[in-house]
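For reference, the chains in residue letters:
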Amino acid sequence: MQASELNYFKEILESRKEQIDKNINGVHNELNQLNGLELNDEGDHASANNNSMVESAIVQQQLKELSEIQRALTKIANGEYGICEMCEDDIGFQRLKVKPHAHYCIDCREIVEKSKEGI
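What you are looking at is a predicted structure, and each value in this text was computed from that prediction instead of being measured. (Residues numbered from 1 in each chain as written. Predicted model: local features only at pLDDT ≥ 70, side-chain atom pairs only at ≥ 80, totals over all residues. Heavy atoms only, no water.)

(A) Broad picture of unusual backbone geometry. Phi angles above zero are rare outside glycine, and Glu88 is one such case at about 65°. On the secondary structure map, Glu88 appears in the loop between helix H2 (42–78) and helix H3 (93–98). (Helix = DSSP H or I, 4+ residues; strand = E, 2+ residues; numbered from the N terminus.)

(B) Focus on the side chain of Glu68. Looking at the element boundaries, Glu68 is found in helix H2. One buried charged side chain, Glu68, makes no salt bridge at all; its nearest oppositely charged neighbour is Lys64, positioned 4.5 Å away. One polar contact links Glu68 to His101, side chain to side chain, over a distance of 3.3 Å. Leaving out residues up to four positions away in the same chain, Glu68 has contacts with Lys99, His101 and His103. (Buried < 20%, exposed > 50% of the residue type's maximum accessible area, 1.4 Å probe, protein only. Lys, Arg positive; Asp, Glu negative; His and termini not counted. Salt bridge = Lys/Arg side-chain N within 4 Å of Asp/Glu carboxyl O. Polar contact = N/O pair within 3.5 Å; in protein donor to acceptor, adjacent residues only side chain to side chain. Contact = heavy atoms within 4.5 Å.)

(C) Just the packing of aromatic side chains, in detail. Within the structure shown, the criterion is met by four aromatic pairs. Measuring from centroid to centroid gives 5.0 Å for Tyr8 and Phe9, while their planes differ by 70°, and the two rings are edge-to-face. Judged by relative accessible area, which is 36%, Tyr8 ranks as partly exposed. Measuring from centroid to centroid gives 5.6 Å for Phe9 and Tyr81, while their planes differ by 45°, and the two rings are tilted. On the criterion of sequence distance, the pair formed by Phe9 in helix H1 (residues 3–36) and Tyr81 in the loop between H2 and H3 is long-range, its members being 72 residues apart. Each of the two residues, Phe9 as well as Tyr81, counts as buried. Within the aromatic cluster, the residues linked to one another by ring pairs are Tyr8, Phe9, Tyr81 and Phe93. (Phe/Tyr/Trp six-rings, centres within 6.5 Å; stacked < 30°, edge-to-face > 60°.)

(D) Fine view of the environment of Leu13. The residue Leu13 is located in helix H1 in this model. For the pair Leu13 and His101, spaced 88 residues apart in sequence, the C-alpha separation works out to 7.6 Å. The residues contacting Leu13, other than those within four sequence positions of it, are Ile69, Ala72, Leu73, Ile76, Tyr81, Pro100 and His101.

(E) Here's a closer look at the confidence of the model for the protein chain. Per-residue pLDDT for the protein chain averages 86, and the proportion of residues at 70 or more is 82%. Between the elements of the protein chain, mean pLDDT differs from a low of 82, seen in H2, to a high of 94, seen in H3. (pLDDT = per-residue confidence, 0-100.)

Okay, structure coming up:
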């Protein structure tokens, strides 16, 4: 992969990382505000609890994506970016444009997903 392509993906990954960090911090602030509210009845408690569970699930998903982004950035630094972790072929440019933190090429991704479905 050419240096200009690596820089392109590095910028995308770092931008997404910043966005996720902001999202996570925002959710933590909202949860702290919810904890500080005086809730008057069961409906208020249920609503706050529901919001807390939804936001917690979102944070968990974003933490997973953040981990994958950091892994991709490490691969860029190590010269291993864009190589399928299963077959070691190049991951296509178009696939990386759609999912810059992809671990697998299209063919291997399908194999991994089918093996997960069988479990």
